[in-house]
Amino acid sequence: MAASTVGLERLLSPFKLSSSSTPPPIAAAPKLALALRPSPLPPKLLSSPIPWWRASPQFSVRASFTPSTAEGLKIESVPTKPVEGQKTGTSGLRKKVKVFQQENYLANWIQALFDSLQPEDYKGGLLVLGGDGRYFNREAAQIIIKIAAGNGVGKILVGKDGLMSTPAVSAVIRKQKANGGFVMSASHNPGGPEYDWGIKFNYSSGQPAPESITDKIYGNTLSISEIKIADIPDVDLSCLGVRNYGDFIVEVIDPVSDYLELMEYVFDFQLIKGLLSRPDFR
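Just so you know, these numbers come straight off a predicted model, no measurement behind them. (Residues numbered from 1 in each chain as written. Predicted model: local features only at pLDDT ≥ 70, side-chain atom pairs only at ≥ 80, totals over all residues. Heavy atoms only, no water.)

**Q** Looking at this model, I keep getting lost on a nonpolar patch on the surface. Mind explaining?
**A** Together, V256, L260 and F269 give the surface a local cluster of nonpolar side chains, amounting to about 250 Å² of exposed area. Judged by relative accessible area, F269 falls into the partly exposed class, the value being 38%. (Patch = residues over 30% accessible without salt bridge, like charges linked within 9 Å, V, L, I, M, F, W, Y side chains within 5 Å. Areas by Shrake-Rupley, 256 points an atom, 1.4 Å probe, with all protein chains shown as cover. Salt bridge = Lys/Arg side-chain N within 4 Å of Asp/Glu carboxyl O. Buried < 20%, exposed > 50% of the residue type's maximum accessible area, 1.4 Å probe, protein only.)

**Q** Any chance you could explain the confidence of the model for the protein here in plain terms?
**A** Where the model shows low pLDDT, its predicted coordinates should not be examined in detail. Per-residue pLDDT for the protein has a mean of 82; in total, 75% of the residues score no lower than 70. In this model, residues 1–65 is a region of pLDDT below 50 whose contacts with residues beyond four sequence positions or in other chains number 160 contacts. (pLDDT = per-residue confidence, 0-100. Contact = heavy atoms within 4.5 Å.)

**Q** Hey, could you run me through the environment of K175 in this one?
**A** Tracing the backbone through its elements, the reader meets K175 in helix α5 (residues 166–175). According to the relative accessible area criterion, K175 is buried, its value standing at 12%. Among the polar contacts made by the side chain of K175, one reaches the side chain of E261 at a distance of 2.7 Å. (Helix = DSSP H or I, 4+ residues; strand = E, 2+ residues; numbered from the N terminus. Polar contact = N/O pair within 3.5 Å; in protein donor to acceptor, adjacent residues only side chain to side chain.)

**Q** Explain unusual backbone geometry here, please?
**A** Note: most residues except glycine have negative phi, and most peptide bonds are trans. Its identity as a non-glycine residue notwithstanding, N104 has a phi of 65°, on the positive side. Take N104: it is sitting in the loop between α2 (97–100) and α3 (105–116). With relative accessibility at 5%, the residue N104 sits in the buried group. Unusually for a residue other than glycine, F136 sits at a positive phi of about 90°.

**Q** Would you take a moment to explain the sheet that holds strand β7 (residues 155–163) for this structure?
**A** Pairing between the strands of a sheet is mediated by backbone hydrogen bonds and can be parallel or antiparallel. Strand order in the open sheet made by the seven strands is β5-β9-β8-β6-β7-β12-β11, with mixed pairing throughout. Across the chains shown, the open sheet's two edge strands, defined by having one partner strand only, are β5 (93–96) and β11 (241–245). In this sheet, neighbouring strand axes are inclined to one another by 15° on average, regardless of whether the strands run parallel or antiparallel. Across five bridges, β11 lies against strand β12 (residues 248–253) in antiparallel orientation. Residue pairing in the sheet places N244 in a bridge with I249 of β12. Of the strands in this sheet, β5, β6 (126–131), β8 (180–184) and β9 (196–203) are in contact with α3, which crosses β9 at around 10°. (Pairing = 2+ DSSP bridges. Axes fitted to C-alpha atoms, helices over the stretch in contact; angles between N-to-C directions.)

**Q** Sorry if this is basic, but what is going on with the side chain of Q111 here?
**A** Position of Q111 relative to the elements: it lies in helix α3. Given the relative accessible area of 1%, Q111 is considered buried. One polar contact links the side chain of Q111 to the main-chain amide nitrogen of K228, over a distance of 2.9 Å. Not counting chain neighbours up to four residues away, the residues in contact with Q111 comprise I147, N151, I224, E226, I227 and K228.

**Q** Just checking my understanding: could you explain the side chain of T221 for this structure?
**A** Looking at the secondary structure, you find T221 in helix α6 (residues 211–221). Among the polar contacts made by the side chain of T221, one reaches the main-chain carbonyl oxygen of Y218 at a distance of 2.5 Å. Setting aside its immediate chain neighbours within four residues, T221 contacts P82, V83, Q86, W109 and A112.

**Q** Before we go on, may I ask you to explain the pattern of salt bridges in this structure?
**A** Oppositely charged side chains are able to pair whenever their charged atoms sit close together. The tally for this structure, following the rule as stated, stands at twelve salt bridges. D234 is paired through a salt bridge with K146; the nearest N and O atoms lie 2.4 Å apart. One end of the pair, D234, is in the loop between β10 (226–230) and β11; the other, K146, is in helix α4 (residues 137–150), and 88 residues separate them in sequence. Given the relative accessible area of 24%, D234 is considered partly exposed. By relative accessible area, which is 0% here, K146 ends up buried.

Have a look at this one:
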């Protein structure tokens, strides 16, 4: 097949709100000076057992493609080759933004991740995606969504505008019984076009992937030869709601609600407010 130049931005628009469950009622405030509830979390908030936008012109690939179809999706097999510097730890992969903007740098790592998991841990499954709002998150979210679709993920929950704090991603994974989730963050490192960006993967427990997985990811980055990516348009992450692409579903969700529900269960905000409002409390 003749070689062609294809921008990953092409591979790599309104919504209807989906229904959500009513948050569980919060128990009456205990007559104690403690605001932290000692009782165990309800089953719906516990983790499940572990089996578990702007497109950037810099994302381009010159290669021949092998297309395939998976339940209404056109999947492109994009030839690639290993790139240096993708050693992954439990805190994920952190580099300068300009490094991640290099051709296939992020795409290679995401594909290597899927290559490191058992198919039953993601095929037809549910994943979560969010980040801290730093520079490059929106472009990265589109790449991650399309590679997830290309590898057979059934549904992905994405925080509105690609936003979701690290603990919120963990809370959503556990509440929604997801197979895992991506956190786009470099923690306390500075953000911006000249500074840092990061990505890590959390398991169905909400905790970061263990070294047994991060070591596999790194190993696969050293031998990767193709990226599986779905040929779908960029997803509008500015509106809450659901969009279907064949059997692949993207749902843009409120990035706060599930985490707030958990916090309201763990902490009695009214009791805290009452304490801080007392004239004899300093």
